[in-house]
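Examining the three-dimensional arrangement
Here are the chains, one letter per residue:
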Amino acid sequence: MRVPLEAEEWTVKSYMCPGDWLREGFVVEGKGRLKLPNEPGENAESVRSFIQQSSLVFREYLKELPQGSLVVLDRARHTLAARTTEEGHGLVEAVVEEIMSVAPRVFSVQVTLIDVSTGELGALLEEIAAKDNHLAVLERFEKAGAQVVGSVNVETKSGQRLMTKMGREVSYLSEFAVRVDGSSEEESREVEPVGLSLELDPVVGNDGQTLDLNIAIRHSAESGKLRMVPVGTLAGKRVEVGIQDFANTNWMTAATLLSGQSRLLGVAPAEEEGRSRLCFVSAAAPVVMVNKSTKAEGWLNAHGEAVSKALRGPKVDAPEVGLMSGMVMKKFRVPPDFWTRGSGGNAAAPADPFSATAPEPTFMVRMTVQDILKAEGIPFPEGSSATFDKVTSSMTVVNLPANMIKVEEFIDSLSGGSPAVIQFHLHVLEANGAVVRKLGRESLAMTDHLGAWEAMQAEIAAGRGRLVAVAAIETKSGQRSIVESGRSYAWAKANLTAQAPEAKGEKGTVLVTGMPVAELVGTIEREPLGLQWEIDPVLGADRVTIDVNTSVRRHSEAPRERFEAPVAKEGGMTVDAPGVDFHPLELTTAFTTHDGMWRMIGTWQSVGADGNLDPAVMQAVFVRASVVTVGGE
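Computed from a predicted structure; not experimentally measured.

What to know about the overall build of the protein chain
Helix and strand counts for the protein chain stand at 9 helices and 29 strands. Within the protein chain, buried positions represent 45% of all 633 residues. Sequence-distant contacts in the protein chain: of pairs separated by 6 or more residues, those separated by 24 or more amount to 73%. Roughly 31900 Å² of accessible area belongs to the protein chain as shown, and the carbon and sulfur atoms make up 52% of that amount.

A closer look at helix 9 (residues 450-461)
Between the first and last C-alpha of helix 9 there are 16 Å, a value that for 12 residues agrees with the 16 Å anticipated at 1.5 Å per step. Along helix 9, the residues that are buried comprise Ala452, Trp453, Met456 and Glu459. Buried positions in helix 9, seen along its axis, are confined to an arc of 120° and lie on one side of it. Count one or two residues on from helix 9 and you reach glycine 463, which has phi positive near 80°.

Quick look at the packing of aromatic side chains
Throughout the structure, instances matching the rule amount to 3 aromatic pairs. Judged by centre distance (3.9 Å) and plane angle (10°), the rings of tryptophan 453 and tryptophan 598 are stacked. A residue pair is termed long-range when its members are at least 10 positions apart, and tryptophan 453 in helix 9 and tryptophan 598 in strand 28 (residues 598-607) qualify at 145 residues. Since its relative accessible area comes to 9%, tryptophan 598 is described here as buried. Put simply, the rings of Trp453, Trp598 and Phe622 touch in pairs and so form one group of aromatic residues.

Notes on the environment of asparagine 214
By secondary structure assignment, the location of asparagine 214 is in strand 10 (residues 210-234). With relative accessibility at 45%, the residue asparagine 214 sits in the partly exposed group. Distance from asparagine 214 to aspartate 201, taken between C-alpha atoms, is 5.2 Å for residues 13 residues apart in sequence. In this structure, asparagine 214 is in contact with Glu199, Leu200, Asp201, Thr253 and Ala254, ignoring residues within four places of it in sequence.

What to know about the pattern of salt bridges
Close approach of charged atoms allows side chains of opposite charge to pair. Inspection of the entire model under this criterion finds 22 salt bridges. The salt bridge partner of arginine 480 is glutamate 534, with a shortest N-O separation of 2.6 Å. With arginine 480 in the loop between strand 18 (466-475) and strand 19 (481-485) and glutamate 534 in strand 22 (residues 531-539), this pair connects stretches of sequence that are 54 residues apart. The partly exposed category is assigned to glutamate 534, whose relative accessible area is 29%. The closest approach of N and O atoms between arginine 553 and glutamate 586, which form a salt bridge, is 2.0 Å. Of the two residues, arginine 553 is situated in strand 23 (residues 545-555) and glutamate 586 in strand 27 (residues 584-594); the sequence distance between them amounts to 33 residues. Note on arginine 553: relative accessible area 16%, which makes it buried. Residue glutamate 586 is classed as buried on the basis of its relative accessible area of 13%.

Topic: the sheet that holds strand 5 (residues 79-84)
In space, the 3 strands of this open sheet follow the order 1-5-4, with antiparallel pairing throughout. Each of the sheet's edge strands pairs with one partner strand only, and the pair in question is strand 1 (11-16) and strand 4 (70-74). Averaged over all pairs of adjacent strands, the angle between strand axes in this sheet comes to 15°, irrespective of strand direction. As defined by bridge partners, strand 1 adjoins strand 5 across 6 bridges and the pair is classed as antiparallel. Across the sheet, the residue bridging to valine 12 is arginine 83, located in strand 5. Lying over the sheet, helix 2 (residues 86-101) contacts strand 1 and strand 5, oriented at roughly 5° with respect to strand 1. Lying over the sheet, helix 5 (residues 295-307) contacts strand 1, strand 4 and strand 5, oriented at roughly 150° with respect to strand 4.

Some details on unusual backbone geometry
Backbone geometry places histidine 78, a non-glycine residue, at a positive phi of 55°. Along the polypeptide, histidine 78 turns up in the loop between strand 4 and strand 5. You can call histidine 78 buried: its relative accessible area is 4%.

Quick word on helix 8 (residues 433-442)
Among all positions in helix 8, only Gly433, Val436, Arg437, Leu439, Gly440 and Arg441 are buried. For helix 8, the N-terminal cap is asparagine 432; the gap from its side-chain oxygen to the backbone nitrogen of alanine 434 is 2.9 Å.

Description of the pairing of strand 17 (residues 420-432)
Among the 13 residues in strand 17, 10 count as buried, and that is most of the element. Bridge analysis of strand 17 against strand 29 (residues 613-629) gives 13 bridges, and the strand direction is antiparallel. Bridge pairing links alanine 431 to methionine 618 in strand 29.

Some details on the confidence of the model for the protein chain
A residue-level look at the protein chain finds 80% of positions with pLDDT of 70 or above and a mean pLDDT of 79. When pLDDT is averaged over each element of the protein chain, helix 9 comes out on top at 94 and strand 20 (residues 488-499) at the bottom at 58. Taken together, the stretch residues 342-365 has pLDDT below 50 and engages in 7 contacts with residues farther than four places along the chain or on a different chain. Counted against residues more than four places away or in other chains, residues 496-501, with its pLDDT under 50, gives 16 contacts.

A look at the environment of glutamate 186
Looking at where glutamate 186 falls in the secondary structure, it is placed in strand 9 (residues 184-204). Accessibility expressed as a relative area gives 5% for glutamate 186, which makes it buried.

Points about the nonpolar core
Grouped together as the largest cluster of nonpolar side chains are 52 residues, with contacts concentrated most on Val111, Ile217, Phe424 and Trp533. Leave out the neighbours within four places in its chain, and phenylalanine 424 touches Ala471, Ala472, Ile473, Thr475, Trp533, Ile535, Pro537, Ile546, Val548, Val623, Arg624 and Ala625. Residues Trp21, Leu62, Val71 and Met289 belong to the second largest nonpolar core, which totals 24 residues.

Comments concerning the side chain of glutamate 169
Along the polypeptide, glutamate 169 turns up in strand 8 (residues 162-178). Exposure remark for glutamate 169: the relative accessible area of 18% places this residue in the buried category. Within the local environment of glutamate 169, its side chain forms a polar contact with the side chain of lysine 165, the two groups lying 3.5 Å apart. Residues contacting glutamate 169, with those up to four places away along its chain left out, are Val191, Glu192, Pro193, Val580, Asp581, Phe582 and Pro584.

Concerning the side chain of serine 481
Mapped onto the elements, serine 481 comes out in strand 19. Accessibility expressed as a relative area gives 9% for serine 481, which makes it buried. Beyond its immediate chain neighbours, meaning those up to four positions away, serine 481 contacts Ile473, Thr475, Trp533, Glu534 and Ile535.

Calculation rules
Residues numbered from 1 in each chain as written. Predicted model: local features only at pLDDT ≥ 70, side-chain atom pairs only at ≥ 80, totals over all residues. Heavy atoms only, no water. Helix = DSSP H or I, 4+ residues; strand = E, 2+ residues; numbered from the N terminus. Buried < 20%, exposed > 50% of the residue type's maximum accessible area, 1.4 Å probe, protein only. Contact = heavy atoms within 4.5 Å. Areas by Shrake-Rupley, 256 points an atom, 1.4 Å probe, with all protein chains shown as cover. Expected span 1.5 Å × (residues − 1). Arc of directions from axis to C-beta. Phe/Tyr/Trp six-rings, centres within 6.5 Å; stacked < 30°, edge-to-face > 60°. Salt bridge = Lys/Arg side-chain N within 4 Å of Asp/Glu carboxyl O. Pairing = 2+ DSSP bridges. Axes fitted to C-alpha atoms, helices over the stretch in contact; angles between N-to-C directions. Polar contact = N/O pair within 3.5 Å; in protein donor to acceptor, adjacent residues only side chain to side chain. pLDDT = per-residue confidence, 0-100. Core = buried A, V, L, I, M, F, W, Y, C linked by side-chain atoms within 4.5 Å.

Right, dumping it as structure tokens:
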């Protein structure tokens, strides 16, 4: 049975809601296009006018809202707040859910590799057999201090392939030549990546909650010390070469999980006897928006009753838009070419003053800002005004609230055509590995990572973290841009190349025969150290949403040089194989962000003293994009 209106409780609730919703408004027969007003000023009169205008628009959109309901949208913080009954909140929730289902999303994922005792696996696998979310198991291992051998956070878009890797590149001889005199040179060399790499191809379902992913995970580490391996015998001497073994764990599979879940994706034996490696994957597909704010609720709690008391009696007809009394004042920034809108800039060229048919002289009268607004169909009743400040390119308007909506629409149309640039900031921060992993997991289900950014800043301020690198660039939508800074590291490598004997005599007859000689060929190789950042952004039609393809690469440490000459060994020859190991951290991905939003697009692990990944220290990559209207505010 329906509860009578007078017995229902009126409450204020807020909802996450895209800030560009109803940006273009909607058309109501007999009333034209209705649009939400811009954000109010600080004074009470401005806020109350804003609440009243917003609620009138929302009541036209949600005609079944109980009489007396108030609804406002904080566009900047993507928060909708409503003061209404439970029945009214049900209507608002249904609309918000529909909007959120088609809003742009990103795909965020965290991979965590943990080594545990093999004896624990029986009970563990039995525990998770009937569960589709293994987050509690992962957190229990971390709380107990389990050995984390690898962890990474990344994000991308649905249908966009992602690749990231971190660790070290170890070069080793794959082919070499040894001469009778004991000298040796390399013929060819290969590189083995040591660390963690991830390839991901995700798809977000139509419900925004079902996540399908094809995933490949590779973890590699140096196994033991360098071993001297016999190659053969030359001139009665044993030939040996130094070989490094590697321990690899790979998973390549496909999985389906719900947004916000963590799953034990795989288990494999670890290199250490009696230990097993667990691979956990956590994923989410949050809507791209900033974190929910309490500002909209604050407007309704502070001024709602003054605008309209919660009705508990018979219905009262709502006032029509444009019939409100009382003036409001607002200040606007306008483009520099604002005056050309009404200054006769498109008039025909003046007539020849010496022509026999030249017209009589006339005075040119420049239009005032109020004349320009009137020409756009905006009424200025008694008591209203409009003034313009040329120094600040700002316009101050006093008018009725309904007419002020028309002024806002006109100003919006001016700024919509103004050119815009995008400013990008990149920060690489380092802190304790457990702290970064926790922040990464907490950030999976959200796209506004301001909290994670502030937490990392607090770690740095407390001396538990550091700022590793900062870069910035300004560009235009659709323009690929690159930032590079660092040293071009050079090293020499040599190859022993066999040379055929030279042919002499008539008709190519070889007159002199003999064994081929060897020639030492040196090559200078280069590797860019430092930071390399590439971005390719696209600004959305709403001038707030930004799609970004990006690639970030930097070396976590200086190259490790292996230039020591081999030690002479009686009765044997040791191959001289100088080389250099690098420690690149790489991330190539795509994501969607909003103007001014902080995004933690990935996390990295550096290399420890043993040459493998160090779980005790991690780095987080933050990117912030800001849209700047050229000639605007």
